[in-house]
Amino acid sequence: MKTIKEINEKIKKGEVVVVTAEEIIDLVDKKGAKKVAQEVDVVTTGTFGPMCSSGAYFNIGHSKPRIKLGGGICKLNDVPVYTGFAAVDFYLGATAIPDDDPRNKVFPGEFKYGGGHVIQEIVGGKDVRLEATAYGTDCYPRKKLETLINIKDLNEAVLFNIRNCYQNYNVAVNLSDKIIYTYMGVLKPKLGNANYCSAGQLSPLLKDPYYKTIGIGTKIFLGGGIGYVAWQGTQHNPAVKRKDNGVPGAPAGTLAVIGDLKQMKPEWLLGTSMLGYGATLTIGIGVPIPILDEEIVKYAAIRDERLFTQVVDYSQAYPQMVPGSLGEVNYAQLKSGEITVQGKEVATGNLSSYSKAREIAEELKSWIKKGDFLLTEAVKALPGAESGYTFKPLRERLK
Amino acid sequence: MASKKIVLHFPHRLVNQPIVYKLVKDYDLQFNILKAYVTPQEEGLMILELTGEDINFNKGIEYLTSCGVKIQPLSQDVIRNEIKCTDCGVCVPICPTGALVVDPITRKVNFYDNKCIACELCVKACPTRAMEVRF
Ligand code: SF4
Ligand code: SF4
């Protein structure tokens, strides 16, 4: 019906019609998918939650005399980075923590400062302290480096997250009789609370469940700036059982994303501390869905009531890799503040901010309307539901 | 005028006594119950915001102490750093008094500090550490 090229022409002329993934729902209810497919050109999605498989790589430029960080040790504000590259490249992971962090020795550990916090400070334009030691070579003689660095002076500062934007996620509960501290937050004993982590009807991959438009090369809102889908994310699992409407009823697809950190904003990249679990980074991502035909509208207009996920026990089943669900709930139930698990009313909490997801979808909408953001054609599709691509457990072996 | 938030611990034997009523009747104090419950050990726990003339306020406190009620000032406050809060809502089911509530329309998390008893449960549970203890 429409092509991305035609939509981009409309964007350039200022004639494009953009609505958020929330707004499209009522619109389709009122006018029907067919009409909306003709009238609307783009639907914007958004999500804002902790995403641990994130980080950034940097090139800091060569010192005089030269030093080879590769094979050496390098820290930013005491947080170790990965140096296994050439001389002055390194990667800072969101969950890295200082060597002297007490971790979980005093349980539950607080994890006040880690890689995610360093990234937030770097993006915010703050100086960070780099300390490095190297073994020294004929061409790179220097063995020690101590300096402040600032993002504006770096050659490259690139956010590169190998798994973000999970298509759906578990609801975590605790069946045991003691409090537990997880990446899904603090879980009170005996079904004391139920934590979930998704923007539901605003979440990018829930609104394009078969990856019809979101693919490798898709241009996105990333950390307040522009980024791209680089690949399917790790643990991409498109073969998960789907509901009648095509949407996976459990964690499924993921995205690897990349973008220039220099144009991102610290409000959308937040250092985060999960009590008893670790440090991480909370990231804002928004993906535009071009409305090419009626089918894409139908998927984009699926509401919270028809998006389902599984309730999982994080005291036993999750850590012990025991499959199974304590029940299925939809996002409207989760958002109501209470769900029923094993006959008990359990209060819910979201780790992912719905109001921020909405802000992101609105922001991306305004960029597109202003003509600042053109859509891209995916250069390659993500592995789909029928591709045979799976997410396997580790088979441990010694030979 | 004095107005303070205080924590009252009632020993088991006092749980059924009309003590708070006497504060109103004999000492002309106004109170606002922020939280009240009986613990499994059957100790009564009540958090009150008590308001009245200074002299009456002090007399009221004296009266409570003489009955055997243990009084603790609610000296520290938990505040929310609005810049750090992402309105995620993961603190909502953690809070025992309903001081943190999701607005169903805006999906933002409202913090009603008049309901907060500074138990600090949310402080470390908040992923961006937006809830801060102020002494
Ligand atoms: S957990 Fe923290 S960031 Fe989330 S709503 Fe509560 S105070 Fe705000
Ligand atoms: S300190 Fe936090 S958890 Fe405790 S009452 Fe206040 S808002 Fe609720």
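Residues numbered from 1 in each chain as written. Chains lettered and ligands numbered in written order. Predicted model: local features only at pLDDT ≥ 70, side-chain atom pairs only at ≥ 80, totals over all residues. Heavy atoms only, no water.

**Notes on unusual backbone geometry**
Then, number 1: A cis amide bond links Lys64 of chain A to the next residue, Pro65 of chain A, at an omega of -10°.
Then, number 2: Along the chain, Phe107 of chain A connects to Pro108 of chain A via a cis peptide bond; the corresponding omega equals -10°.
Then, number 3: Inspection of the secondary structure puts Pro108 of chain A in the loop between β7 (89-93) and α4 (115-123).
Then, number 4: In the Ramachandran plot, Ala118 of chain B falls in the positive-phi region, its phi being about 55° despite a non-glycine side chain.
Then, number 5: Turning to its location among the elements, Ala118 of chain B is positioned in the loop between β7 (109-111) and α3 (121-125).
Then, number 6: Look at Ala118 of chain B and you get buried, because its relative accessible area is 11%.
Then, number 7: A positive phi is found at Glu120 of chain B, a non-glycine position, where the angle reads about 75°.
Then, number 8: As for its placement among the helices and strands, Glu120 of chain B is situated in the loop between β7 and α3. (Helix = DSSP H or I, 4+ residues; strand = E, 2+ residues; numbered from the N terminus. Buried < 20%, exposed > 50% of the residue type's maximum accessible area, 1.4 Å probe, protein only.)

**Looking at a nonpolar patch on the surface**
Then, number 1: Together, Val24, Phe31 and Ile33 of chain B make up a nonpolar patch on the protein surface, roughly 230 Å² of accessible area in all.
Then, number 2: Mapped onto the fold, Ile33 of chain B is located in strand β2 (residues 30-38). (Patch = residues over 30% accessible without salt bridge, like charges linked within 9 Å, V, L, I, M, F, W, Y side chains within 5 Å. Areas by Shrake-Rupley, 256 points an atom, 1.4 Å probe, with all protein chains shown as cover. Salt bridge = Lys/Arg side-chain N within 4 Å of Asp/Glu carboxyl O.)

**Focus on the confidence of the model for chain B**
Atomic detail in the predicted coordinates should be set aside for any region of low pLDDT.
Then, number 1: Put simply, chain B has an average pLDDT of 87, and 95% of its residues get 70 or more.
Then, number 2: This prediction of the complex comes with two scores: 0.89 for pTM and 0.94 for ipTM. (pLDDT = per-residue confidence, 0-100.)

**Concerning helix α1 (residues 19-27) of chain B**
Residues and elements named next belong to chain B.
Then, number 1: Where α1 is concerned, the buried positions are Ile19, Val20, Leu23 and Tyr27. One side of α1 carries all its buried residues, which in axial view fall inside an arc of 110°. Turned more than 90 degrees off the buried face of α1, the exposed positions are Tyr21 and Lys25.
Then, number 2: One or two steps after α1, the chain reaches Asp28, where phi turns positive at roughly 55°. (Arc of directions from axis to C-beta.)

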